[in-house]
Amino acid sequence: MSAPLLITVAPTGAETTKADCPQLPTTPEELAQTAADCEAAGAAMIHIHVRDASHAPTLDQALLREWVAAVRASSSLVVQLSTGGSVHDPIEERLKVLDAEPDSCSLTMGTTNFGDDVFLNPWPFVKELYQLALSRGIAPEFELFDLGQVHALGRLFREFGVPAGGKAHVDFVMGVPGGMPGTAPALVAAVAALPPEVTSWAATGIGRSTLSVAMASLSMGGHLRVGMEDVLTISRGVPVESNAQLVSRAVALGELAQRTPMTPAECRSLLGLS
Ligand code: KMH
Ligand code: ZN
């Protein structure tokens, strides 16, 4: 087997409702079970969006802390909190996500049309979030939705330097209506444009682009993010049963590419976390 494969699970997201998808983990108990199942299946990191008692997306500080604690109690997964939240979350609240002390946080490198909505990430917010993450020892995962955001990452590094430990990890989020398409040529172009400071990258394809992006990523030596935040069907018209099912499929794809799932400890080292 060659290089280890980081599999990040994004189990919930902010866009799908519990009513539409009862198997979506939307309580701390469900998330804790999901984390344990996904770690057993081969995931090393979890990307978390929190829901409230009515299953709606929230950035409530107490709930953020409760969900982080639930995952830490049930698994040793590296905990990444979303600072993207939902398209309706104010920027000030998104900065406060770091107060919940995750290991890692998502950091999107620019504003993106998001279906009929706008996922707002103005440059001053990007800079502030980056500096805050560095000052707290939280490893940012740079979410890149289009090629302009890849270029902006180089600009961020030139202005503020690379993350502590010299590790810079990227996730290409592809196939969002408004962002770059979930295709192999788009991934090739995005990887070619990465600034040299980037030390590792993963890719995820939204919806029907999931499999093609995963296979393109593996063919280029990249890592994978999978989960019900990004896709709700396992094949055309067949609903995903659980996040662990998607992780297991990623492990199987990785095996074909002769990649071994990374452990959480290896993921910590990849991210420069002590
Ligand atoms: N929910 C999207 C608007 C992130 O987690 O940082 C933003 C998102 C990205 O999911
Ligand atoms: Zn997210």
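Residues numbered from 1 in each chain as written. Chains lettered and ligands numbered in written order. Predicted model: local features only at pLDDT ≥ 70, side-chain atom pairs only at ≥ 80, totals over all residues. Heavy atoms only, no water.

Visitor: What is the right way to read the packing of aromatic side chains from this model?
Guide: For any pair of aromatic rings, geometry is given as the distance between the ring centres together with the angle between the planes. Applying the stated rule across the entire model yields six aromatic pairs. With a centroid separation of 6.0 Å and 70° between ring planes, the pair formed by Phe114 and Phe119 is classed as edge-to-face. Their ring planes at 55° and their centres at 5.7 Å tell us that Tyr130 and Phe142 sit as a pair that is tilted. With Tyr130 in helix H4 (residues 123-136) and Phe142 in strand E8 (residues 139-144), this residue pair connects regions lying 12 residues apart in the sequence. A single burial state applies to Tyr130 and to Phe142, both of which are buried. Its guanidinium or amino end placed over the ring of Trp123, Arg155 lies 4.2 Å from that ring's centre, counting from NZ or CZ. (Phe/Tyr/Trp six-rings, centres within 6.5 Å; stacked < 30°, edge-to-face > 60°. Helix = DSSP H or I, 4+ residues; strand = E, 2+ residues; numbered from the N terminus. Buried < 20%, exposed > 50% of the residue type's maximum accessible area, 1.4 Å probe, protein only. Lys NZ or Arg CZ within 6 Å of the ring centre and 35° of its normal.)

Visitor: Is there a simple way to think about the coordination of the zinc ion (ligand 2) in this case?
Guide: The expected angle between donors at a tetrahedral four-coordinate metal is 109.5 degrees. At an octahedral six-coordinate metal it is 90 or 180 degrees. For the zinc ion (ligand 2), the protein coordination sphere consists of His47 (NE2), His49 (NE2) and Glu229 (OE), at 2.1 Å. Sequence positions of the residues that donate to the zinc ion (ligand 2) give the spacing H-x1-H-x179-E. In this pair, His49 sits in the loop between strand E3 (45-48) and helix H2 (61-74) while Glu229 sits in the loop between strand E11 (223-226) and strand E12 (233-235), placing the two residues 180 residues apart along the sequence. (Donors = N, O, S within 2.8 Å, 3.2 Å for Na, K, Ca; no water.)

Visitor: So what exactly am I meant to see when it comes to the site of ligand 1 here?
Guide: Taken together, the residues surrounding ligand 1 are Glu15, His47, His49, Ser82, Gly84, Gly85, Val87, Ser106, Phe114, Phe119 and Glu229. At 3.3 Å, a backbone N or O of Gly84 approaches an oxygen atom of ligand 1. Glu229 has a polar side-chain atom sitting 2.9 Å from an oxygen atom of ligand 1. In terms of residue class, the shell around ligand 1 is built from three nonpolar, six polar and two charged. (Near = heavy atom within 4 Å. Polar contact = N/O pair within 3.5 Å; in protein donor to acceptor, adjacent residues only side chain to side chain. Nonpolar A, V, L, I, M, F, W, Y, C, P; charged D, E, K, R; others polar.)

Visitor: Where do I start with the side chain of Ser75 in this structure?
Guide: With respect to the helices, strands and loops of the structure, Ser75 is situated in the loop between H2 and strand E4 (78-81). Residue classification places Ser75 among the buried residues on the basis of a relative accessible area of 11%. Reaching out from Ser75, the side chain makes a polar contact with the backbone nitrogen of Leu77 at a distance of 3.2 Å. Non-local contacts of Ser75, meaning those with residues more than four positions away in its chain, are made with Ala35, Ala36 and Glu39. (Contact = heavy atoms within 4.5 Å.)

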